[in-house]
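Take a look at the letters that make up each chain.
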Amino acid sequence: MAQRYRYISKKKIKHYGIRDNLNNWISDFLGERKQEVVLEGKHSTSSTVTSGVPQGTVLGPLLFLLFINDMPENISSTARLFADDCLLYRTINSIEDAKELQKDLDTLQRWEQTWLMEFNPDKCEVINITNKRSHVYHDYNIHGKILAHVTHAKYLGLTFSTNMTWNKHIIITKKANSTCAFLRRNISSCSKKVKAQCYTTLVRPNVEYAATIWDPYTKQNIDKLEQVQRRAARFVNGDFSTYSSVSKMIKDLNWPLLQQRRQNMKLIMMYRIVYNLIAIPSQVYLTPVITTTTRGHSMRFIVPHAVPDQDSPVFLLPLSHPPMEYLDRHTSNLTNAGGGPVGGISRTPFLTLF
């Protein structure tokens, strides 16, 4: 097995143009390796590494990406690869579409057999993104095992639900509050500056990761997120009195509301999309407003419908948008690559298929 894996790795690396001495060097880097466990100074017997790349190396992740890069080939559905995660999806309008998706899963299984990889069906899930009460239901399998159908699934740090609401994702506040409680137990005697820096470094990123995607619109979820910062403000100031004003504490710390920070993040994202600074093609998702009036500006766009298709389940990633009046009031402070103002950007949500 080890020799075959080494041969296959060498063959695939050669396919990408890495040949001769460099190919041989990488092959030696992968082959004839052993590993052992060390516990309290005691060594276990050595065991031969039959597959995989050496852990903790710079070259290892790159070789892994080269190894799986051709996995989405020869399938009709869309695949997304990120490190060792793979997302496979397609629009399902009929049972024939579902069968095509299963055919693609079968193709991937043939790929894993060819390249000595192995999918774990216990870690694979099926989620249907739709608003329809009745939709095409089909059991998908890998290695003969039926994959579990779920109502929400985690992908790249975000929790997606079948109806594309983010209530399940807002549970991130639990981790943020736990981290804040940990800081309270361990650094309560530190200065205000140290505690504030620990909050902005260790706690706040937990509730702001990819916030341009899931920024909530319900008051309940907005308040849950703000409550994290309110608790942190009491911790930083060392004031837990019910008679003290938390709003004043936050103002004295010069912390903007988390909702305000999310609005700013979306403005920055909008700027990057409009000026092609990010891999989201603006011409695909933004339709300029065509008007003969001289009022307004040239950076206005038509608002698309930001809802899942009612007739067929499809994976959608809606980037929620800031209020119209907020955009008109604040985008004038942004500048483009040439140093000029961007201008107001009108009422623009986005839909990104993934």
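Because the structure is predicted, anything quoted here is derived from the model rather than measured.

### Observations regarding the pairing of strand 11 (residues 152-155)
Reasoning step 1: Burial along strand 11 is one-sided: the residues A153 and Y155 are buried and none of H152 and K154 is.
Reasoning step 2: Relative to strand 12 (residues 158-161), strand 11 runs antiparallel, the two sharing four bridges. Of the residues in strand 12, the one forming a bridge with H152 is S161.
Reasoning step 3: Two successive antiparallel strands, strand 11 and strand 12, enclose a turn made up of two residues, where L156 displays a positive phi of approximately 50 degrees.

### Some details on the packing of helix 5 (residues 172-186) against helix 8 (residues 219-237)
Reasoning step 1: Between helix 5 and helix 8, whose axes approach to 10 Å, the crossing angle comes to 5 degrees. Taken as axis vectors, helix 5 and helix 8 run roughly parallel relative to one another. Every residue of helix 8 that contacts helix 5 at I172, T173, A176, N177, C180, L183 and R184 is listed here: K224, L225, V228, R231, A232 and F235.
Reasoning step 2: A per-class count over the contact of helix 5 with helix 8 returns eight nonpolar, two polar and three charged.

### Some thoughts on the pairing of strand 6 (residues 85-89)
Reasoning step 1: The pairing of strand 5 (residues 78-82) with strand 6 spans five bridges and is antiparallel. Among the inter-strand pairings, R80 is bridged to a residue of strand 6, identified as L87.
Reasoning step 2: Taking the residues that link successive antiparallel strands as the turn, the strand 5-strand 6 hairpin has two residues, and the phi of A83 there is positive, at about 55 degrees.

### Here we look at the side chain of N23
Reasoning step 1: Position of N23 among the secondary structure elements: in helix 2 (residues 20-30).
Reasoning step 2: Beyond its immediate chain neighbours, meaning those up to four positions away, N23 contacts K10, I13, K14 and I18.

### Considerations on the pattern of salt bridges
Reasoning step 1: Applying the stated criterion across every chain yields a total of nine salt bridges.
Reasoning step 2: Across the pair E208 and R261 runs a salt bridge, and its minimum N-O distance is 2.5 Å. You can see E208 sitting in the loop between helix 6 (192-203) and helix 7 (211-214) and its partner R261 sitting in helix 10 (residues 258-274), a full 53 residues away along the chain.
Reasoning step 3: Exposure remark for R261: the relative accessible area of 22% places this residue in the partly exposed category.
Reasoning step 4: Members of the salt-bridge network, linked through shared partners, are D215, R262 and K266.

Conventions and cut-offs
- Residues numbered from 1 in each chain as written.
- Predicted model: local features only at pLDDT ≥ 70, side-chain atom pairs only at ≥ 80, totals over all residues.
- Heavy atoms only, no water.
- Buried < 20%, exposed > 50% of the residue type's maximum accessible area, 1.4 Å probe, protein only.
- Helix = DSSP H or I, 4+ residues; strand = E, 2+ residues; numbered from the N terminus.
- Pairing = 2+ DSSP bridges.
- Axes fitted to C-alpha atoms, helices over the stretch in contact; angles between N-to-C directions.
- Parallel < 35°, antiparallel > 145°, perpendicular 65-115°, else oblique.
- Contact = heavy atoms within 4.5 Å.
- Nonpolar A, V, L, I, M, F, W, Y, C, P; charged D, E, K, R; others polar.
- Salt bridge = Lys/Arg side-chain N within 4 Å of Asp/Glu carboxyl O.

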